[in-house]
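A look at the structure
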Amino acid sequence: MQRRSVIVRPLILSVAAIALATGLGAQTAPKADADYVRKAYDTYRSMKEASPYRQNEWQYLGPKDISGRATDIAVAERPGGRRIYAAYATSGVWRTDDNVTWTSIFDDMPSTSIGDLAVAPSNPDIVWVGTGEANIFRASMAGVGIYKSTDGGQTFTHMGLTDTQTIGRILLHPTNPDIVYVAASGHEWTDNEMRGVFKTTDGGTTWNKVLYKSPRTGAWDLVMDPSNPEVIYASMWQRVRRKWSDPRVEPGYSEGGVFKTADGGKTWTEASAGLPAPEHRGRIGIDIARSNPKVLYAFVDNYEPGVPAKKGERDAYGRPIFEARIKAAEVYRTADGGTSWKKVSDSNQFMTNHSGTYGWVFGQIRVDPTSENTVYTLGLGLNVSTDGGKTFATFANSRTIHSDHHGLWIDPKNTQIIYSANDGGFYSTEDAGKTWKFAVSAGGAQFYNVAVDQSTPPWVYGSIQDIGSRRGRLDLTAGRDKIGPVDFENAPGGEGSHHAVDPRNPNIVYSHGFYGNFSRTDLSIPAAPRGRRGQGGTPPPQPPPDAPRRETSIQPKEQGLRAQWMAPVVLSPHDPNTVYLGYQFVFRSTSRGDAWEKISGDLTGNDPKRMLPRSSNEIPYQTITALEESPRVKGLLYAGTDDGKLHVTTDAGKTWTDLTTRVPSRKWYSRVVPSMHADNTVYVTQRGREDDDFAPYIYKSTDGGTTFTSITSNIPAGPVNVIREDPTDPNVLYVGTDFGAFVSTDGGKGWQVLGGNLPSTQVSDLVYHTRDKVIVISTYGRGIWVIDAQRLKF
C-alpha cells in the first residue's frame, strides 16, 4: 500500500493564541507520530512473516457474550442485497450481508481505531474508513489517516491524511465518488496542523485543507445539502485532552461553531448566530432534514454554567460534584439554512442528564429522512423528539440495549429499520425500536488487564471498558490446542480494575472501582439478593447485620488521595496477607486491607499546574501507575508514576530513592517488574500515548536502578503496555504493545513477534500461568487470547 501525496492549501480563517489559565501551552509535538506508526507497521508485518513462532497460534478465550464500543455504521445497497459495515473504537471494521454472520475486514492494519465510515452513494463498492476514534476516551487509540476500498471491503489502500489521528466524519459527493470531504479533529493530547476540513477531487490521491482555524481547533461534523452538493455545513471544535482533565472549554477558547460553504469548500462563512457564545461552545453535532434542506439541527454541549450541584450529588464515577452543572445538552434548529439558530429543546432534568458529565463523548444527532420534526439525539441513552426538538424521550425500547450511543443509521426507505452503534456494539431494529438484535459476534471486548488464579481450571479475570469486571474459565481438559471461547461472568471490580487473587484461597479477590475505591471480595459468601420488591412491596431478604460480608471496602481513610483509572493493587509474593495500594503514596496493609500504613511520601511530581482543584472534578493525575515487590527480596519495591517518576525502596518503605533521572526518558510508567531470577534486576516500560508519542520505551537495570539500559532493540513501535519474564529462563522476556505480542530469547537484544494469527490489536496485559504453562493476554478490542507456552521452542 503506497503512501499518497497530500497537498495542503489552507484557507485560514483565524489563528488564535490560547492563553491557558494554568499557564501551560501545548505539549511538544512527538517525534514518533502517526506516520512513524504506519511505517513501523510495515516492519511489524515483515517480522510477523519471518518469526520462528509464526506457526504457534493464539487461541481465543472470549468472551463469547460481550462485544465492544462501536462508533459508526455505513450501509451499501448492492445488486445482491444490503451490506452493513460497522466501525469499532479499537476493533476495526466488520461487515455482514445478512446481519447474522459478521466478518472482520480491517485486521492487518497499523490502527484499528475507527472514527467514521462512508460508502459512496454512486458506487456501493467504494468504502472509506477514517481511522482514529474522534470521541477521545481516556484510552482511545490514535488513527493513521484514511483508507479506501474499491471492492466492497476486500482490500484497502491508504489514502493519506496520516497525522490527523482522529476523524469525525467522511462525506461523499452523491454522483462523483472522487469528491470526498473529511472532518479531522486532530491529535487528542497535543496541538497539530493536520486538522480541519479536507477535500479531494481525485479520489484521495491529493487533498486540500479547505477549512482551518488553528492547531487546537478541528472539524468534527459535516453534512451536505441533498438538493445541492456544493452546500456543506461543518462544525468546529476547539479542544485538547489533558492528563489531568477531560476535554473541556478552557479560558480563551473562541473558535468552535458551525460554518457553511455554498461553493464546495472554496469559501466559508460562519453560521453560528443564535448558538451559545463562542466561549461556551463544546462539541457540536449537526444534521440536515432531507425532506426540507433548509432545516438543520445542532446538538450543542453548552458549557455555560447551569443549575448548582445538589448536596451530595456525585458524578458517574462516584466523585462529589462541587461546581454548578453546565447547561450541557441543548438542541438548536434553523429553518433558513444556518442564517439563524433557535434553541428548541427544553431546559429540564432530562436534558441536563442527557449526556451525564461527559457530553464531549457524544454529540451525535440525526433527523428522520422523511420527517423534519423527528429528531434523534445520542447520549447515555438513545432519545427521540417528534415535535421538532422541543421535547425528548427515550426511544421505544432502547433501554433494553447498551447505553452510551455514538452512531445511528436510519433506513431512508423504511424508517422502522434503525441501526445503532454504542458502547456495547452494534444493534439493529426493524420495528422502530420495539425489539432489537445484538451483533455479539462482531467487534471485541476492550480489556484493560488480565489476571489468572490458581483454581482448577483457572479463572481468567479482567476489566472491560463500559462493562465492568468479568471472569471466564481457562479449561485445558479438551486439549491444549482445543481451547475454545467461553462466556464470561461477573467478577469483583469495576470497568477499570487490576485484580489480585490470593494464591492460597482463590475466593479472595482484591479489585478496584473508580479512582481509588478498592475492595476485597470473598466469593465463597453468597451475594446479597438484588432486584425489585416482591408482592406487597416486600424487599428481597437480606443477610443479618453480623453476617460475613462478601465485599469489603478497603481503601485508606485519608483525605486528598489521588488514584489513577487503573490504580495498582498488589499482593506481596512473600505474604499474601500483605497488600499494597498505589495512590500518590504507597499504602501497605498486613491484615488484608483491614488497616493501612502509609509507607511513602508523595512519589509524584505533585505539580499544582498539572492538576485542577478538587472542586473541578479533575481527572486524577500524578499518581502511581506501576507498583511491584520483588519476588526474591522482601521489602524491595519499585513504584512508577503517570508523570514519569520512578522510585525504589530496599527497606519496605522506610526510605525511598528517586531513580527518575537515571532512566533515559520520562513517560507514563506502564509496568515495573522486579526480576524473579536476579535480586538487582528490574524491568520498566513506559508509554507515550498521553503525549501522542508512539515510540517504544523498555529499560532494564541489573544494578538495582543505578543505571538503566534500553532493550527496545528492534520492536518497531509502541506504546509498550507490559513486560513479563519467563518463569524458568531469565533470558526469555515477553512484551505487549499496541501492535501485538513479542518475545525475546536473549534478554532483550532482539525481539520476535509471538504467534502468527493474532489480529492487529493492543495487547494491554500479559501473564504467564506457571502451573499450566500457558500465556494469557488481554487485548483492548479483541478480548482474551491464550497461547500454549509448552510448544514455544526457545
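Described below are features of the structure shown in this document. (Residues numbered from 1 in each chain as written. Predicted model: local features only at pLDDT ≥ 70, side-chain atom pairs only at ≥ 80, totals over all residues. Heavy atoms only, no water.)

1. With respect to the overall build of the protein
- A count of helical and extended segments in the protein gives 2 helices and 56 strands.
- What you see for the protein is a C-alpha radius of gyration of 26 Å, in line with the 28 Å of a compact globule of 794 residues.
- Taking the principal axes of the C-alpha coordinates as reference, the protein spans close to 75 × 65 × 55 Å.
- The proportion of buried residues among the 794 residues of the protein is 62%.
- Taking as baseline every contact in the protein between residues at least 6 positions apart, the subset at least 24 positions apart corresponds to 57%.
- Accessible surface, the protein: about 28,900 Å² in total, of which carbon and sulfur atoms supply 48%. (Helix = DSSP H or I, 4+ residues; strand = E, 2+ residues; numbered from the N terminus. Rg over C-alpha atoms; globule rule 2.2 N^0.38 Å. Buried < 20%, exposed > 50% of the residue type's maximum accessible area, 1.4 Å probe, protein only. Contact = heavy atoms within 4.5 Å. Areas by Shrake-Rupley, 256 points an atom, 1.4 Å probe, with all protein chains shown as cover.)

2. Structural notes on the environment of S91
- In this fold, S91 is placed in the loop between β3 (81-88) and β4 (92-96).
- Spatially, the C-alpha atoms of S91 and Y376 are 26 Å apart, while their sequence positions differ by 285 residues.
- Look past the residues within four positions of S91 in its chain and what remains in contact with it is T112, G443, G444, G781 and R782.
- Only 2.6 Å separates the side chain of S91 from the backbone oxygen of G781, close enough to count as a polar contact. (Polar contact = N/O pair within 3.5 Å; in protein donor to acceptor, adjacent residues only side chain to side chain.)

3. Details of the pattern of salt bridges
- All told, the structure shown has 40 salt bridges when counted by the stated rule.
- With its nearest N and O atoms 2.9 Å apart, the salt bridge here joins E250 to R242.
- Salt bridges linked by common partners bring K243, K667, D691 and D693 together as one network. (Salt bridge = Lys/Arg side-chain N within 4 Å of Asp/Glu carboxyl O.)

4. So, the packing of aromatic side chains
- Using the criterion set out here, one finds 26 aromatic pairs in the structure.
- Put simply, the rings of Y448, F514, Y515, W565 and Y780 pair up and form one aromatic cluster.
- Here R169 stacks its cationic end above the ring of W220, 5.8 Å away from the centre of that ring. (Phe/Tyr/Trp six-rings, centres within 6.5 Å; stacked < 30°, edge-to-face > 60°. Lys NZ or Arg CZ within 6 Å of the ring centre and 35° of its normal.)

5. Considering the side chain of T521
- Examined against the element boundaries, T521 turns out to sit in strand β36 (residues 518-522).
- Judged by its relative accessible area of 3%, T521 falls in the buried class.
- Contacts of T521, omitting those with residues within four sequence positions, involve P492, N507, I508, V509, R550 and E551.

6. Quick look at the sheet that holds strand β1 (residues 59-62)
- The strand order across the open sheet formed by 4 strands is β1-β56-β55-β54, and the pairing between neighbours is antiparallel. Each edge of the open sheet is held by one strand with a lone partner, namely β1 and β54 (763-769). Pairs of neighbouring strands in the sheet enclose a mean axial angle of 25°, with direction left out of account.
- Strand direction decides the pairing type here: β54 and strand β55 (residues 774-779), joined by 6 bridges, are antiparallel. In the strand pairing of β55, V767 is matched with V776. (Pairing = 2+ DSSP bridges. Axes fitted to C-alpha atoms, helices over the stretch in contact; angles between N-to-C directions.)

7. A few points about the environment of R242
- The topology assignment puts R242 in the loop between β15 (228-238) and β16 (257-261).
- Exposure remark for R242: the relative accessible area of 9% places this residue in the buried category.
- Along the sequence, R242 and P278 sit 36 residues apart, while their C-alpha atoms lie 21 Å from each other.

8. Quick look at the sheet that holds β15
- Ordered in space as β14-β15-β16-β17, the 4 strands form an open sheet in which the pairing is antiparallel. Every other strand in the sheet has two partners, leaving β14 (217-225) and β17 (269-270) as the edge strands with one partner each.
- Pairing geometry for β15 and β16, over 5 bridges, is antiparallel. Looking across to β16, one finds that S235 is bridged to V258.

9. What to know about helix α1 (residues 34-50)
- Over its 17 residues, α1 extends 25 Å from the first C-alpha to the last, a length consistent with the 24 Å expected when each residue adds 1.5 Å.
- Listed as buried for α1 are A34, D35, V37, R38, A40, Y41, Y44, R45, M47 and K48.
- Contact partners of the buried residues in α1: β8 (146-149), β9 (157-158), β52 (741-744) and β53 (752-753).
- At the N-terminal end of α1, a side-chain oxygen is found 3.2 Å from the backbone nitrogen of D35, two or three residues along, and the residue is D33. (Expected span 1.5 Å × (residues − 1).)

10. Quick look at the environment of Y510
- With respect to the helices and strands, the residue Y510 is situated in strand β35 (residues 508-512).
- Judged by relative accessible area, Y510 falls into the buried class, the value being 0%.
- In the structure, Y510 is positioned 29 residues away from D481 in sequence and 31 Å away in space, judged by C-alpha atoms.

11. Points about the side chain of T649
- Inspection of the secondary structure puts T649 in strand β44 (residues 646-649).
- A residue is classified by how much of its surface remains accessible, and T649, at 1% relative accessible area, is buried.
- Polar contacts involving the side chain of T649 include one to the side chain of D651, which spans 2.8 Å.
- Filtering out sequence-adjacent residues up to four positions away, T649 remains in contact with G635, L636, L637, K654, T655 and W656.

12. Let's talk about unusual backbone geometry
- Of the consecutive residues G62 and P63, the connecting peptide bond is found in the cis state with omega at 10°.
- Note on placement: P63 falls in the loop between β1 and β2 (70-78).
- Geometrically, the link from G718 to P719 is a cis peptide bond, its omega value of -5° lying close to zero.
- Following the sequence through the fold, P719 ends up in the loop between β49 (709-710) and β50 (720-725).
- Notably, D466 is not glycine yet its phi reads approximately 60°, a positive angle.
- Non-glycine residue N606 carries a positive phi angle of around 50°.
- The class for N606 is partly exposed, based on a relative accessible area of 38%.

13. With respect to the pairing of β55
- Burial within β55 is extensive, with 6 of its 6 residues counted as buried.
- Residue alternation in β55 divides its side chains into two sets, V774, V776 and S778 and I775, I777 and T779, and both sets are buried.
- If you look at the hairpin formed by β54 and β55, you'll find 4 residues sitting between the two strands, and K773 has a positive phi there, around 55°.
- With 6 bridges joining them, β55 and strand β56 (residues 783-788) adopt antiparallel strand pairing.

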